Amino acid sequence: MRRIICIMLIIACACSCNRFDIDEVLLPREDLSMTLNGKVQFSFDDNTCQIGYNDARNEFRLHDDSVGNWVKLTCKARPSSVGQTVKADLSWTSSTSNKSRKGLTFTVEKIEQDGRIWLWCQSDNIGLVVKVI
């Protein structure tokens, strides 16, 4: 019986751990980007990419010049302060198809004076660095 309890505790601890820490996955990033489960899905390159921001729709867009790779985040409210939670819809291209998730909850983790905003969705392990232009 004691062995069963120990095994159950180990399984419970393993299931509750989040392998993706924002201090490793998101906050060190200086580039505009999207990460999913610790892997970069999109990284902005000044030479081959463009950004867009629509204040009326609270919409952030990142895409390459061919518009073959892109990320679009539409927030219900403008992310404006650290600690704020924002509901948003996210869509992006992956290596095989277009993906989207609706009704995600992001937490504003960091804001810089140049307009960059670091957002983290803990439930889906999604990190975004976007910019108000």
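Look a little higher up for the structure.
Residues numbered from 1 in each chain as written. Predicted model: local features only at pLDDT ≥ 70, side-chain atom pairs only at ≥ 80, totals over all residues. Heavy atoms only, no water.

Visitor: Can you help me understand the overall build of the chain in this one?
Guide: The helix and strand inventory of the chain stands at 2 helices and 9 strands. Its helices and strands in sequence order give the chain the pattern α-α-β-β-β-β-β-β-β-β-β, from N to C terminus. A buried classification covers 38% of the 133 residues belonging to the chain. Here the contacts in the chain between residues at least 6 apart in sequence split such that 34% fall between residues at least 24 apart. When the accessible surface of the chain is totalled, it reaches about 8000 Å², and 51% of it is carbon and sulfur. (Helix = DSSP H or I, 4+ residues; strand = E, 2+ residues; numbered from the N terminus. Buried < 20%, exposed > 50% of the residue type's maximum accessible area, 1.4 Å probe, protein only. Contact = heavy atoms within 4.5 Å. Areas by Shrake-Rupley, 256 points an atom, 1.4 Å probe, with all protein chains shown as cover.)

Visitor: Help me understand the sheet that holds strand β6 (residues 85-93) in this model?
Guide: To summarise the sheet geometry, strands pair through backbone hydrogen bonds and adopt either a parallel or an antiparallel arrangement. Pairing in this open sheet of 9 strands is antiparallel, and the strands run β2-β1-β9-β8-β7-β6-β5-β4-β3 from one edge to the other. Since the sheet does not close on itself, it has two edges, and those belong to β2 (39-43) and β3 (49-54), each with one partner. Looking at each pair of strands side by side, their axes are set apart by 25° on average, direction ignored. One ladder, built from 6 bridges, connects β3 with strand β4 (residues 59-64); its direction is antiparallel. Paired with Tyr53 across the strands is Phe60, a residue of β4. (Pairing = 2+ DSSP bridges. Axes fitted to C-alpha atoms, helices over the stretch in contact; angles between N-to-C directions.)

Visitor: Please clarify how the pattern of salt bridges should be interpreted in this entry.
Guide: Where side chains of opposite charge bring their charged atoms close, a pairing between them can arise. With the rule as written, the count across this model stands at 7 salt bridges. Across the pair Glu59 and Lys72 runs a salt bridge, and its minimum N-O distance is 4.0 Å. Remark: Lys72 occurs in strand β5 (residues 70-75) and Glu59 occurs in strand β4; sequence separation between them is 13 residues. The class of Lys72 is partly exposed, set by a relative accessible area of 32%. Between Asp114 and Arg116 there is a salt bridge, with the nearest N and O atoms lying 2.8 Å from each other. Exposure remark for Asp114: the relative accessible area of 37% places this residue in the partly exposed category. In this structure Arg116 comes out as buried when scored by relative accessible area, which is 13%. In this structure, a network of salt bridges that share partners links the residues Arg57, Glu59, Arg61 and Lys72. (Salt bridge = Lys/Arg side-chain N within 4 Å of Asp/Glu carboxyl O.)

Visitor: In this structure, what is going on with the packing of aromatic side chains? I would like to understand it.
Guide: Each aromatic ring pair is specified by the distance between its two centres and by the angle formed by the two planes. Applying the stated rule across the entire model yields 1 aromatic pair. With a centroid separation of 4.8 Å and an interplanar angle of 40°, the aromatic rings of Tyr53 and Phe60 are classed as tilted. Tyr53 sits in the buried class, given a relative accessible area of 13%. Assessed through its relative accessible area of 3%, Phe60 is described here as buried. The ring of Trp118 is capped by Lys110, whose NZ or CZ atom sits 4.3 Å from the centre of that ring. (Phe/Tyr/Trp six-rings, centres within 6.5 Å; stacked < 30°, edge-to-face > 60°. Lys NZ or Arg CZ within 6 Å of the ring centre and 35° of its normal.)

Visitor: Can you walk me through unusual backbone geometry in this structure?
Guide: Note: most residues except glycine have negative phi, and most peptide bonds are trans. Here the phi dihedral of Asn58 falls at roughly 50°; this positive angle occurs in a residue that is not glycine. For Asn58, the position within the fold is in the loop between β3 and β4. Given the relative accessible area of 13%, Asn58 is considered buried. Here Asn125, not a glycine, exhibits a phi torsion of approximately 55°, which is positive. Looking at where Asn125 falls in the secondary structure, it is placed in the loop between β8 (116-121) and β9 (126-131).

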